[in-house]
Amino acid sequence: MTAIAPEPNALAALPPMPETAEPLVMPGLLHGLGLSIRPVPAWITDPDLIASIEAGLIEVPDDFNTPGGNRS
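These figures come from a predicted structure and were not determined experimentally. (Residues numbered from 1 in each chain as written. Predicted model: local features only at pLDDT ≥ 70, side-chain atom pairs only at ≥ 80, totals over all residues. Heavy atoms only, no water.)

## Some thoughts on the overall build of the protein chain
Our working rule: Helix and strand definitions follow DSSP, with helices as H or I runs of at least four residues and strands as E runs of at least two, each counted in order from the N terminus. Summary of the burial criterion: residues with accessible area below 20% of their type's maximum are buried, those above 50% are exposed, and those between are partly exposed, where the area comes from a 1.4 Å probe applied to protein chains only. Here, residues are in contact when the closest pair of their heavy atoms is within 4.5 Å. Here the accessible surface of atoms and residues is derived via Shrake-Rupley with a 1.4 Å probe, and residues count as covered only by protein chains that are part of the display.
Within the protein chain one finds 2 helices and 0 strands. By residue count, 14% of the 72 residues in the protein chain fall in the buried class. Partitioning the contacts of the protein chain with sequence separation of at least 6, the portion at a separation of at least 24 is 44%. Summed over all atoms, the accessible surface of the protein chain reaches about 6,400 Å², with 64% contributed by carbon and sulfur.

Structure, rendered in structure tokens:
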């Protein structure tokens, strides 16, 4: 019987996280998993466009998302 070597772990190459750091969950990960709604700028009024952005079919650059001006 031959042994199979385990796959290398890509996370092992990262430096350790400081113990004082707070955990960070990337917004894109939450959106991709369907756990949060993608932000839609308030100036977008077309319902079909809003639905496409929320579904992730259209990506809106962060420059267009103004603080306090988003629907979500």
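After presenting the structure, the write-up continues.
## Here we look at a nonpolar patch on the surface
Defined as follows: The patches reported here contain residues having more than 30% relative accessible area and no salt bridge. Joining distances are 9 Å for like charges and 5 Å for nonpolar side chains (Val, Leu, Ile, Met, Phe, Trp, Tyr). Any carboxyl oxygen of Asp or Glu within 4 Å of a side-chain nitrogen of Lys or Arg constitutes a salt bridge here.
The grouping of Leu-24, Val-25, Met-26, Leu-29, Leu-33 and Leu-35 at the surface amounts to a nonpolar patch, some 660 Å² of accessible area in total. Assignment of secondary structure puts Leu-35 in the loop between helix 1 (27-32) and helix 2 (47-55). The exposed category is assigned to Leu-35, whose relative accessible area is 62%.

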